[in-house]
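A look at the structure
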Amino acid sequence: MTAIEGSIALVTGGQRGIGKAFVEELLARGAKKVYATARKPRPSHDERVEVLALDVTDDSSVAALAERTQDVDAVFNNAGVLYPGPLLKSDMQQVKDLFDTNVFGPLRIAQTFAPVLARNGGGVLVDMHSLLSWAAGAGSYGASKAAFWSLTNSLRIELAAQNTQVVGVHLGFADTDMVAALPVQKISASDVARFVLDGIERGENEVLVDDITRNIKSALAGPVEGLTLPLGR
């Protein structure tokens with residue numbers, strides 16, 4: 001998939017932060033319709049946006065969503081949670097909940113919507129990662145993003161046969177409620193959405209949104225000591 005115009009998209013976590021910016025940018029580029037999900041959805045005043053309830057940790061919720069959205073050709077795996085804290089002091093149930101949302105949730109979406117995308121010509125699956133997929137120091141959240149990155153790379157191989165473009169997105173810190181308390185430089189959610197959709201239209205498989213992310217990825221070839229969380233820079 002290289003064209004956004006005329007597409008029908010699904011954005012999980014589509015009513016706030018980066019997800020909301022995706023919805024707005026998709027419409028600005030001529031998407032025909034966008035399904036925006038949330039655990040507690042709010043009505044939209046735009047007739048091109050259909051708001052639906054979704055809990056990515058619930059198999060029945062994902063299945064019910066798929067029944068309502070059989071026309072999609074672009075799926076944005078954007079929903080996620082952030083639970084801060086060091087690994088050795090983390091509550092194990094909280095760690096499991098985080099992985100259920102950030103890793104198993106996107107996998108549920110991918111498994112459920114792969115046949116939908118195939119029937120609609122292949123389309124695109126977008127997975128929202130982080131520079132914390134590679135940088136150490138973010139506890140279980142970083143571990144979940146690393147797992148998600150690996151998952152995406154395998155999905156890209158598995159979905160190639162049905163002509164689905166799988167795009168992994170990495171970025172530093174966007175100006176959203178999730179990281180509002182962090183004293184770091186942030187990129188606007190609208191800029192993230194714009195860069196990602198540019199990448200989709202160029203046919204890219206990976207989008208590195210900002211310089212700090214590109215710097216961290218380039219450090220993967222060096223010593224592991226160079227892969228540290230860039231807070232405060």
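Residues numbered from 1 in each chain as written. Predicted model: local features only at pLDDT ≥ 70, side-chain atom pairs only at ≥ 80, totals over all residues. Heavy atoms only, no water.

1. Describing helix H2 (residues 59–68)
Looking at H2, one finds that the buried residues are Ser61, Val62, Leu65 and Ala66. Angular distribution of buried residues about the axis of H2 spans 140°; they occupy a single face of the element. In H2, those exposed residues whose orientation departs by more than 90 degrees from the buried face are Asp59, Glu67 and Arg68. Looking at the packing, one finds that the buried side of H2 touches strand E1 (8–11), strand E2 (33–38), strand E3 (49–53) and helix H3 (92–119). (Buried < 20%, exposed > 50% of the residue type's maximum accessible area, 1.4 Å probe, protein only. Helix = DSSP H or I, 4+ residues; strand = E, 2+ residues; numbered from the N terminus. Arc of directions from axis to C-beta. Contact = heavy atoms within 4.5 Å.)

2. With respect to the nonpolar core
In this structure, Phe22, Leu26, Phe76, Val126, Val169, Val196 and Ile200 are the most contacted members of the largest nonpolar core, which totals 30 residues. Elements with a minimum of two residues in this core: E1, helix H1 (17–28), E2, strand E4 (74–77), strand E5 (124–128), strand E6 (165–170) and helix H5 (189–201). Setting aside chain neighbours within four positions, we find Phe22 in contact with Val11, Phe76, Asn78, Met128, Ala193, Val196 and Leu197. Core analysis: the second largest hydrophobic core is formed by 24 residues, Val72, Ile109, Phe113 and Val116 among them. (Core = buried A, V, L, I, M, F, W, Y, C linked by side-chain atoms within 4.5 Å.)

3. Considerations on the sheet that holds E3
The parallel open sheet is built from 7 strands, whose spatial order is E3-E2-E1-E4-E5-E6-E7. Each edge of the open sheet is held by one strand with a lone partner, namely E3 and strand E7 (206–208). Between one strand and the next, the sheet's axes are offset by a mean angle of 15°, whatever the strand orientation. Looking at chain direction, E5 and E6 are connected through 5 bridges and run parallel. Bridge pairing in E6 places Leu125 opposite Val166. Of the strands in this sheet, E1, E2, E3, E4 and E5 touch H1, which is tilted by about 170° from E1. (Pairing = 2+ DSSP bridges. Axes fitted to C-alpha atoms, helices over the stretch in contact; angles between N-to-C directions.)

4. Points about the pattern of salt bridges
Under the definition given, this model contains 14 salt bridges. A salt bridge links Arg108 to Asp100, with the shortest nitrogen-to-oxygen separation between them at 2.9 Å. Between Arg214 and Asp211 there is a salt bridge, and its shortest N-O distance comes to 2.8 Å. Of the two residues, Arg214 and Asp211 are both situated in helix H6 (residues 211–218); the distance of 3 residues between them amounts to about one turn of the helix. (Salt bridge = Lys/Arg side-chain N within 4 Å of Asp/Glu carboxyl O.)

5. Details of the packing of aromatic side chains
Counted according to the given criterion, the structure contains 2 aromatic pairs. Taken together, a centroid distance of 4.9 Å and an interplanar angle of 50° make the contact between Phe22 and Phe76 tilted. With Phe22 in helix H1 and Phe76 in strand E4, this pair connects stretches of sequence that are 54 residues apart. The exposure class of Phe76 is buried, given its relative accessible area of 1%. Judged by centre distance (5.5 Å) and plane angle (85°), the ring pair of Trp134 and Trp149 falls under edge-to-face. With a gap of 15 residues between them, Trp134 in the loop between E5 and helix H4 (139–159) and Trp149 in helix H4 connect regions that are remote in the sequence. On the accessibility criterion, Trp149 (23% relative accessible area) is partly exposed. (Phe/Tyr/Trp six-rings, centres within 6.5 Å; stacked < 30°, edge-to-face > 60°.)

6. A closer look at the packing of H3 against H4
Axes are the key here: two packed helices are described by the angle between their axes and the distance separating the axes. Where H3 contacts H4, the two axes come as close as 9 Å, and the packing angle between them is 15°. One element, H3, and the other, H4, form an angle in the roughly parallel class. Of the two elements, H3 crosses H4, and the hand of that crossing is right-handed. Across the interface between the two elements, Val95, Leu98, Phe99, Asn102, Val103, Pro106, Leu107, Ala110 and Ala114 from H3 touch Ser140, Tyr141, Ala143, Ser144, Ala147, Phe148, Leu151, Leu155 and Leu159 from H4. Among the residues forming the contact of H3 with H4, the class breakdown is 15 nonpolar, 3 polar and no charged. (Parallel < 35°, antiparallel > 145°, perpendicular 65-115°, else oblique. Left-handed = near helix turned anticlockwise from the far one by under 90°. Nonpolar A, V, L, I, M, F, W, Y, C, P; charged D, E, K, R; others polar.)

7. Observations regarding the environment of Leu171
Within the secondary structure, Leu171 sits in the loop between E6 and H5. Expressed as a C-alpha distance, the spacing of Leu171 and Asp210, which sit 39 residues apart in the sequence, is 6.0 Å. Once residues lying within four places of it in the same chain are set aside, the contact partners of Leu171 are Ile18, Met128, His129, Ser130, Leu131, Ile187, Val192, Val209, Asp210 and Thr213.

8. What to know about unusual backbone geometry
For residues that are not glycine, phi is negative in most cases, and the peptide bond is trans in most cases. With a phi close to 65°, Asn163 is a non-glycine residue in the positive phi region. Assignment of secondary structure puts Asn163 in the loop between H4 and E6. Judged by its relative accessible area of 53%, Asn163 is exposed.

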